[in-house]
Structures are given as structure tokens and as C-alpha cells.
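Overview (structure and organization)
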Amino acid sequence: MALVGLGRSGLQVSKLCFGGNVFGWTVDEPMSHRLLDGFIDAGFNFIDTADVYSKWHDGNKGGESETIIGSWLKTRGNRDKVVIATKVGSDMGGGEKGLSKAYIARAVERSLQRLQTDYIDLYQSHWDDPTIPVEETLMAYQALIKAGKVRVVGASNFSPERLSAALAAHDAQGLPRYECLQPEYNLYERAGFEGALADLCRRQEIGVITYFSLAGGFLTGKYRSAADLGKSARGSDVEKYLDARGHRILAALDAVALRCQATPTRVALAWLMAQPVVTAPIASATSLAQLAELTAAAELQLDQAALAELAAASAYSQAA
């Protein structure tokens, strides 16, 4: 599998990233390890998680995903063969959240301990913290990079204005540069990223790793009516997509998949991979069969007719 550069960082990543949000939630540790093995064996190397995964699940406190990835890294002894991305800033409870220098210094040690590693390849600001100057956050990252605990930093869920401010601080003060952005982006959710954010990433050569790449499973074709929402723990997340536009997108995915002898899942991911600004979509799987669908998407090349059909079906109003 050919690797691609992430921003200007020098990190080389696969063009598909495995999403670790399911570990410790809808996937237990043994299956998580099997999925990670399958992903790496298929030639991919990029794994994304966060300290907060999966705090939302009953009985969890956060850190479960990092812990599972850490146990896998230890048993496999393959740390140098994978690129591990995690995040900081989400609410971990007890006031532990945000992007202050003091909090980042505490949070990174916890992530390193759970991951059972000496360094994090890509450390990302999970959510912008408007109470903290971007310079303070970047100074915290500068200390971690100097100490060898972090290689590269990135941002997630940032506005164009705050991302621009961080880039300006890099230019003016020599602080670390956000080398990637992690936005919500897929065939249905296009408006939030396309435009100012995408243009900024393109101009500044910022890598883009998309989350909710399959719109919570909606773009797999699994959910086609309200009756389907009970099919999984994530069903309630996709109800908002069951409108006329959503059904147009599914119809286009079905048509392209039929012509390509593929599936809607593969087509939806291949569409993202075909976007010039996207480095790698993030997608998760809970079974080996689902994993095979994800990895097969990297081999699918959509022609211009297919891309045009999908773009037309998913067209949106900027006002909306």
C-alpha cells in the first residue's frame, strides 16, 4: 500500500485511517486486536483514537480505546510500524478538559501510559478551547515535541479563523504548526468543511483526515428507513440523514456501486479519497467483514462520471 505525506510533517500514512472510537464500546479487546491485526496485515498503518474514547458508554470513564491500542502495541511489538494519532481537550470529568498548557502536560502523560509508548506520532487538539490563546496551546506542544513525547500536532473541529490564528502564531513565533485538520466530512455532511476550511487547508498544505466518513454508517446503506434505526448502537445518530437528500445520496451510491461491482461503503470512502484535499478518511469496523469493506475501498478508483453523479446527488445549499 502506497503511503502519503501528512501535511508538511514528514509523517507517511496510509490513505485510510482506522477509527478507534469503537474500541471498548461496541468492540471488546480481543476483537479490537484482531481488527488491528487485519488492518496492518492489509498494508495500512494509520490508527486514530482520543483520550475520551469511549467515555460515553455505560461503565466507562474514558481512555478505554487508548488502553486497548496500548495492549495491542505491547503484545505485537510493532510500535515502529504504525502511526498512532490521539487527541486531547475533551471533557474527561472532574474539570479535566481544555487546551491549557497545564492540562495538556497532565493529559499527555496519561495517554502515553495507556498507549504504553514513549511517543505519540500525531497529537491533536480535539476541540477548540476559546478560553485559551492559541499561543499557549502551541507552546505546550512545543515542550512535548522538544521532549520527544510528540512528533507532530494537528487540530480537530477548528473554525477557519482559529486555525488561521494558530498558523499565524507558527509563522510569527516559530511555534509548532498544525499539520492536519480532522473535520466531519462525508457525502452528506459537506457544507461545514467545503469552502473556507477546505480552501485554507489546500493553500497551507494541511493534511485532512475526515471523521464520520460514513455518516455513522448511513452511507453503507444499512439505514434506509426509521425502522432500520434499531440495527445498532449508533442507529440514533443517523436519523437526521433520512430526508430527501439522504435518499438521493443512497440512490446514487447504489447506482455507482452496481456499475463498479462494489458496495455503497466502498464508493462512499472512495469518493472521499478522490477529493484532492483529503489525505485519509477515518472509518471504523466492528467485524472482520466490515474491515474487508473498508480496506477494499482503497483499491476502488471512481471515474469522472461516478464522481459527478455523487456530487450532484449530494449537492447542498450554502444557506442550509
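What comes next is a walk through the structure. From a predicted model like this one, the values you see are computed outputs, not experimental measurements. (Residues numbered from 1 in each chain as written. Predicted model: local features only at pLDDT ≥ 70, side-chain atom pairs only at ≥ 80, totals over all residues. Heavy atoms only, no water.)

1. Quick word on the overall build of the protein
When its secondary structure is counted, the protein shows 10 helices and 10 strands. Rg of the C-alpha trace for the protein: 19 Å, near the compact-globule value of 20 Å for 320 residues, within the 12% margin. Expressed along its principal axes, the backbone C-alpha trace of the protein runs to roughly 50 × 45 × 40 Å. Going through the 320 residues of the protein one by one, you find that 54% of them count as buried. A fraction of 76% describes how many contacts in the protein between residues 6 or more apart in sequence connect residues 24 or more apart. Surface summary for the protein: the accessible area is close to 13,200 Å², and the carbon and sulfur share equals 52%. Distance between charge centres in the protein, computed from 32 positive and 36 negative side chains, equals 2 Å. (Helix = DSSP H or I, 4+ residues; strand = E, 2+ residues; numbered from the N terminus. Rg over C-alpha atoms; globule rule 2.2 N^0.38 Å. Buried < 20%, exposed > 50% of the residue type's maximum accessible area, 1.4 Å probe, protein only. Contact = heavy atoms within 4.5 Å. Areas by Shrake-Rupley, 256 points an atom, 1.4 Å probe, with all protein chains shown as cover. Lys, Arg positive; Asp, Glu negative; His and termini not counted. Charge placed at Lys NZ, Arg CZ, Asp CG, Glu CD.)

2. Let's talk about empty space enclosed by the protein
Applying the stated criterion across every chain, the model contains one cavity of 30 Å³ or more. A volume near 30 Å³ is recorded for the largest cavity. Every residue along the wall of the largest cavity is listed here: Leu99, Asp128, Asp129, Ile132, Val134, Thr137, Phe158, Arg162 and Tyr178. When the residues that make up the lining of the largest cavity are grouped by side-chain class, the tally is five nonpolar, one polar and three charged. (1 Å grid on protein atoms, 1.4 Å probe; cavity = no way out; pocket = protein on both sides within 12 Å on 5 of 7 lines; lining within 4 Å. Points joined across faces, edges and corners; volume = space filled by probe spheres on them. Nonpolar A, V, L, I, M, F, W, Y, C, P; charged D, E, K, R; others polar.)

3. Re the pattern of salt bridges
In total, this model carries 17 salt bridges according to the counting rule given. Through salt bridges with shared partners, one network takes in Arg79, Asp121 and Arg151. (Salt bridge = Lys/Arg side-chain N within 4 Å of Asp/Glu carboxyl O.)

4. Describing the packing of helix H8 (residues 264-273) against helix H9 (residues 288-297)
At a minimum axis separation of 8 Å, H8 and H9 run at an interaxial angle of 40 degrees. The interaxial crossing formed by H8 with H9 has right-handed handedness. In this structure, H8 contributes Thr265, Arg266, Leu269, Ala270 and Met273 to the contact, and H9 contributes Glu293, Leu294, Ala296 and Ala297. In the contact of H8 with H9, the residues fall into six nonpolar, one polar and two charged. (Axes fitted to C-alpha atoms, helices over the stretch in contact; angles between N-to-C directions. Left-handed = near helix turned anticlockwise from the far one by under 90°.)

5. Points about helix H10 (residues 304-313)
Helical geometry: 3.6 residues make up each α-helical turn, so side chains three or four residues apart lie on a common side. Along H10, the residues classified as buried are Ala306, Leu307, Leu310 and Ala313. Along H10, the residues classed as buried sweep out an arc of 135 degrees about the axis, all on the same side. Residues Gln304, Ala305 and Ala312 are exposed on H10 and point more than 90 degrees away from its buried face. (Arc of directions from axis to C-beta.)

6. Remarks on the environment of Asp243
Note that Asp243 resides in the loop between strand E9 (207-210) and helix H7 (244-260). Take Asp243: its relative accessible area is 29%, and that puts it in the partly exposed class. Looking at Asp243, its side chain comes within polar contact range of the main-chain nitrogen of Gly246, at 2.7 Å. (Polar contact = N/O pair within 3.5 Å; in protein donor to acceptor, adjacent residues only side chain to side chain.)

7. A short note on the side chain of Ser100
Residue position: Ser100 is located in the loop between strand E5 (83-88) and helix H3 (101-115). Reaching out from Ser100, the side chain makes a polar contact with the backbone nitrogen of Tyr103 at a distance of 3.1 Å.

8. Here's the deal with the pairing of E9
Side chains Gly207 and Ile209 project from E9 onto one buried face, and the interleaved Val208 and Thr210 project onto a second face that is buried too. The pairing of strand E8 (residues 178-182) with E9 spans two bridges and is classified as parallel. Of the residues in E9, the one forming a bridge with Leu181 is Val208. For the segment spanning E8, helix H6 (residues 196-204) and E9, crossover handedness is right-handed. Here E9 pairs with strand E10 (residues 280-283) via two bridges, running parallel. By the bridge assignment, Thr210 is partnered in E10 with Pro281. (Pairing = 2+ DSSP bridges. Right-handed = clockwise from strand over helix to strand, strands pointing away.)

9. So, the sheet that holds strand E3 (residues 17-19)
An order of E3-E4-E5-E6-E7-E8-E9-E10 is seen for the eight strands of this closed barrel, with the pairing classed as parallel. Going from strand to strand, the sheet's axes swing by 25 degrees on average, the running direction of each strand aside. Relative to E8, strand E7 (residues 150-156) runs parallel, the two being bridged by three bridges. Each bridged residue has a counterpart across the sheet, and for Ala155 the counterpart in E8 is Leu181.

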